[in-house]
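# Remarks on the overall topology
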Amino acid sequence: MAKFFIVALTVMLVMQGYVSWHVWRLLPFSTPVKVVIVLLMLLALCCMVMQFKSDSLPLGMATAMYEIGNSWLIIMFYLLMAFLVLDIGRLVHLVPATWLKANGITSLVMTGVMLVTFIGGNIHYHNKQRQEINLTTSKHLDRPLKIVMLSDLHAGFHNPRTEVGRWVNMINAEQADLILIAGDIIDGNVRPLKAQGTAEELKRLNAPAIACLGNHEYITGLNKALDLLNETGIRILRDDTLSMGGVTIVGRDDRSNRHRKSVEQLMQGINRGNYVILLDHQPYHLEEAEQNGVDLQLSGHTHRGQVWPLNWVTKKMYECDYGQWRRGGTDYYVSSGMGIWGGKFRIGTDSEYAVITVTPE
């Protein structure tokens, strides 16, 4: 973990240096003004790094550092892409060098584009999308089964109790038979959840709520996460199964647990006459569900990249990084997530929940 932190910090410092140098050259201001702007950018990066010490800070300050630091990481990424494109254009003589040095017009255009991109991305994040999915099964069900599926709530500093409460209202309005959550309920720290009483909002879910764990529950600290989740009334399945009304739900532990059971082990002894739903946070090795007779697998984790063009990366990383998929007799749905990690921006992707209706043939 320490090695990963050092590598990540080194990459961020290189990005920061490249962006800061270009901003310094581009802005048509006096040296004192440019010093202030570059120092503010460095302060934002410090907020990103210092959030790992958030437990020792006042809650309001820790929240502000999380919001500023993680938002700056995404903004810096977009500035990096913009300056790289301009530099490449300059090298191939498509962009005049004067565009990148003390140029007020370039500065205004870039500022305007960034404001539109990130204000729009923030508005789009708060506009949750409802995905409707209709499936059929040859398994016996007394009546159509209505499921609300969501993943990646990432409740914490940046998704506080008020926001989680708004989501609960949306979910309750569906009047579902089941609520299934494919991991990452907690963002990475239980402190803001306990301080705000977020568990009380999740207790209001008006249908049986069942979840598997995600990698962020492990990042939080497994015992701390489980203690908090026990207060929510959500049934957590860790390499465990639960059957009700002709449906069996298999909750697989996250792959952060290297000793978790395989899908084959979890399916042993299950009534195959039931409609079997597998909750597995990270959508790797989808063939395992197909090979073991799972009817429906629900996953999250990918966020579909969260912001463009990272959705191109996740599309290459996973067999299915988002949406509906089918392998043999197995259906899959990979959600881009109800909440979000880091800055509250959705650019080229959606924050969503799925309403899945399973109808017997």
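Within each chain, residues carry numbers counting from 1 in the order of the written sequence. Residues qualify for local features only when their pLDDT is at least 70, as the model is predicted, and side-chain atom pairs are given and counted only at 80 or more; totals for whole chains, interfaces and linings, by contrast, use all residues. The side-chain quantities take in all heavy atoms of the structure and omit both hydrogens and water.

Looking now at the sheet that holds strand 7 (residues 247-251). Sheet architecture is open: 6 strands sit in the order 6-7-8-9-11-10, paired in mixed fashion. Two strands close off the open sheet at either side, each with one partner strand: strand 6 (240-244) and strand 10 (323-327). Taking the axes of each pair of neighbouring strands and ignoring which way they run, one obtains an average angle of 20 degrees across the sheet. If DSSP finds at least two bridges between two strands, the strands pair. By definition, any uninterrupted DSSP run of H or I lasting at least four residues is a helix, any uninterrupted run of E lasting at least two residues is a strand, and each is numbered from the N terminus. Where strand 8 (residues 275-279) lies against strand 9 (residues 296-299), 3 bridges are found, and the strand directions are parallel. By the bridge assignment for strand 9, L279 is matched with L298. Here an angle of 0 to 180 degrees is reported between the N-to-C directions of two axes, which are lines fitted to C-alpha atoms, with helices fitted over the stretch in contact.

Once that is clear, we can look at the sheet that holds strand 12 (residues 352-360). Sheets are built from strands that pair by backbone hydrogen bonding, the pairs being arranged parallel or antiparallel. The 6 strands lie next to each other as 1-12-2-3-4-5, forming an open sheet whose pairing is mixed. In this open sheet, the two strands that pair with only one neighbour each are strand 1 (129-137) and strand 5 (235-236). With 5 bridges connecting them, strand 2 (residues 145-150) and strand 12 associate as antiparallel partners. By the bridge assignment for strand 12, M149 is matched with A354.

Another aspect to go through is the side chain of D239. Along the chain, D239 falls in the loop between strand 5 and strand 6. Partly exposed describes any residue whose relative accessible area lies between the buried limit of under 20% and the exposed limit of over 50%, with all areas from a 1.4 Å probe on protein chains only and scaled to the type maximum. For the purpose of charge, His is not counted, nor are the chain termini; Lys and Arg are scored as positive and Asp and Glu as negative. Any carboxyl oxygen of Asp or Glu within 4 Å of a side-chain nitrogen of Lys or Arg constitutes a salt bridge here. The side chain of D239 sits in the buried core without any salt bridge; R252 is the nearest counter-charge, 5.2 Å away. Within 3.5 Å is the distance limit for a polar contact, defined as a pair of N or O atoms, with the added protein rule that one can donate a hydrogen and the other accept it, and that residues adjacent in sequence qualify only through two side-chain atoms. Reaching out from D239, the side chain makes a polar contact with the backbone nitrogen of D253 at a distance of 3.0 Å. Every residue pair with non-hydrogen atoms within 4.5 Å of one another is taken to be in contact. D239 has contacts with G251, R252, D253, R260, K261 and L266, leaving out every residue within four places of it along the chain.

So, on to the side chain of N70. Tracing the sequence through the fold places N70 in helix 3 (residues 59-91). For N70, a relative accessible area of 2% translates into the label buried. Among the polar contacts made by the side chain of N70, one reaches the main-chain carbonyl oxygen of Y66 at a distance of 2.9 Å. With residues up to four places along the chain from it excluded, the contact list for N70 reads M48, Q51, M65, W341, G342 and G343.

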